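The chain contents come next:
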Amino acid sequence: MELLDDVTVVFSDLAAAKENLDRARGSPREVRRNLSRYAELSQRLTAVMRRQFSQRTGRKWEASSFPGWTTDTRLLKYLRNQDQHGLQVLISVEHHQYFSFSRFFGVAMADGDELILTSSYVTDHQLLEHDPPGVLWSEASSSGNGTTAPLVPLRAEWSYHLVARDETERRLFADASSKDIHVVATSTLTTLSEYTAFFRA
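Structural notes, computed from the coordinates. Everything numeric here is computed off the predicted structure, so don't read it as measured data.

## Quick look at the sheet that holds strand β1 (residues 90-100)
A sheet is described by the order of its strands in space; here three strands give the open sequence β2-β1-β5, paired in antiparallel fashion. Two strands bound the open sheet, and with one partner strand each, they are β2 (114-122) and β5 (155-163). Across the sheet, the mean angle from the axis of one strand to that of its neighbour is 20°, orientation sign disregarded. Examined bridge by bridge, β1 and β2 share nine bridges and lie antiparallel to one another. The partner of Val 93 across the bridge, within β2, is Tyr 121.

Laid out in structure tokens, this is it:
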């Protein structure tokens, strides 16, 4: 069996961390944990490149020689440094729930009609596993009175956005392609894939 080099292993771990971040959307705690893991692995990728390059050539690997760094990778580096040396970044959560309009109001509507309820909050509690307690919606009845059965959404979507604490963060977040954590992770994984190819060239 072929022995994989460290760069291949770390990049594989990085891609897996991105997949875990995508799968964790329903839990603010797991999104924070997986974002932290993803950011840490992005740094480890360069660390193993430095070691491997030095062993192979006797010279120092310069990450700055890669011409493809972006505002999103600069943001990822900032998030990693904050995670390790500064304050935890603030993240706002938007939770969209899609309900059947007819079941919500107890009246017949055309198929496909949906009612969307959106809640948002900032995760100042870093270990919050689910949305904080809120309104419990009950299914309407034909009499106009609610039932005791909770109304289950047809589907739910979550998005997570960086919240600036100060002017430095406001400028940094504004320069990035998005404040959406998952958009930034997708963008940076593409860049880090190109960076890895650059290293191997």
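Let us keep going from here.
## What about the packing of aromatic side chains?
Scanning all chains against the criterion turns up nine aromatic pairs. With centroids separated by 6.3 Å and ring planes inclined at 45°, the aromatic side chains of Trp 61 and Tyr 195 adopt a geometry described as tilted. On the criterion of sequence distance, the pair formed by Trp 61 in the loop between α2 (28-57) and α3 (71-85) and Tyr 195 in helix α6 (residues 181-200) is long-range, its members being 134 residues apart. Just as Trp 61 is buried, Tyr 195 falls in that class too. Accessibility expressed as a relative area gives 7% for Trp 61, which makes it buried. Through a chain of ring-to-ring contacts, the aromatic side chains of Phe 53, Trp 61, Phe 66, Trp 69, Tyr 195, Phe 198 and Phe 199 assemble into a single cluster. The side chain of Arg 155 reaches across the aromatic face of Tyr 98, ending 3.9 Å from its centre.

## Topic: empty space enclosed by the protein
Taken as a whole and assessed by the stated rule, the structure comprises two cavities of 30 Å³ or more. Quantified by volume, the largest cavity comes out at close to 110 Å³. Every residue lining the largest cavity is counted, 13 residues in all, and those nearest its centre are Leu 35, Leu 79, Asp 83, Gln 88 and Val 89. Among the elements of the structure, α2 and α3 are those that each provide at least two residues to the lining of the largest cavity. Looking at side-chain class alone, the lining of the largest cavity contains six nonpolar, four polar and three charged residues.

## A few points about the environment of Ser 65
Locating Ser 65 in the fold gives a position in the loop between α2 and α3. Taking the relative accessible area as the measure of exposure, Ser 65 reaches 40% and is therefore partly exposed. In this structure the C-alpha to C-alpha distance between Ser 65 and Phe 199, which are 134 residues apart in sequence, comes to 9.7 Å. Side-chain polar atoms of Ser 65 contact the backbone oxygen of Glu 62, separated by 2.6 Å.

Rules used in this analysis
- Numbers given to residues run from 1 along each chain, matching the order in which its sequence is written.
- Per-residue local features are limited, in this predicted model, to residues with pLDDT of at least 70; the limit for side-chain atom pairs, both in listing and counting, is 80 or more; totals at the level of whole chains, interfaces and linings are taken over all residues.
- Each side-chain value is worked out from all heavy atoms of the structure, with water and hydrogens disregarded.
- Pairing between strands is defined by DSSP: at least two bridges between the two strands are required.
- Secondary structure elements are taken from DSSP: a helix is a run of H or I of four residues or more, a strand is a run of E of two residues or more, and numbering for both begins at the N terminus.
- Only the stretch in contact is used when a helix axis is fitted, and all axes are lines through C-alpha atoms; the angle between N-to-C directions ranges over 0 to 180 degrees.
- Geometry of aromatic contacts follows a simple scheme: Phe, Tyr and Trp rings, the Trp one being its six-membered ring, pair when their centres are within 6.5 Å, and the pair is stacked under 30 degrees between planes, edge-to-face over 60, tilted otherwise.
- Here's how the labels work: a residue is buried when its accessible area is under 20% of the maximum for its type, exposed when over 50%, partly exposed in between, all with a 1.4 Å probe on protein chains only.
- Charges are assigned to positions over rings by a cutoff of 6 Å between ring centre and Lys NZ or Arg CZ, combined with an angular limit of 35 degrees from the ring normal.
- Note on definitions: the grid is 1 Å and covers protein atoms alone; a cavity is a set of points where a 1.4 Å probe fits but cannot get out; a pocket is an open set with protein on both sides within 12 Å along at least five of seven lines; lining residues have an atom within 4 Å of a point.
- Grid points are joined across faces, edges and corners, and a volume is the space filled by probe spheres set on the points.
- Side-chain classes follow a simple rule in which Ala, Val, Leu, Ile, Met, Phe, Trp, Tyr, Cys and Pro form the nonpolar group, Asp, Glu, Lys and Arg form the charged group, and the remainder, Gly included, forms the polar group.
- Two N or O atoms count as a polar contact when they lie within 3.5 Å, although within protein this holds only if one can serve as hydrogen donor and the other as acceptor, and sequence-adjacent residues are included solely when both atoms are side-chain atoms.

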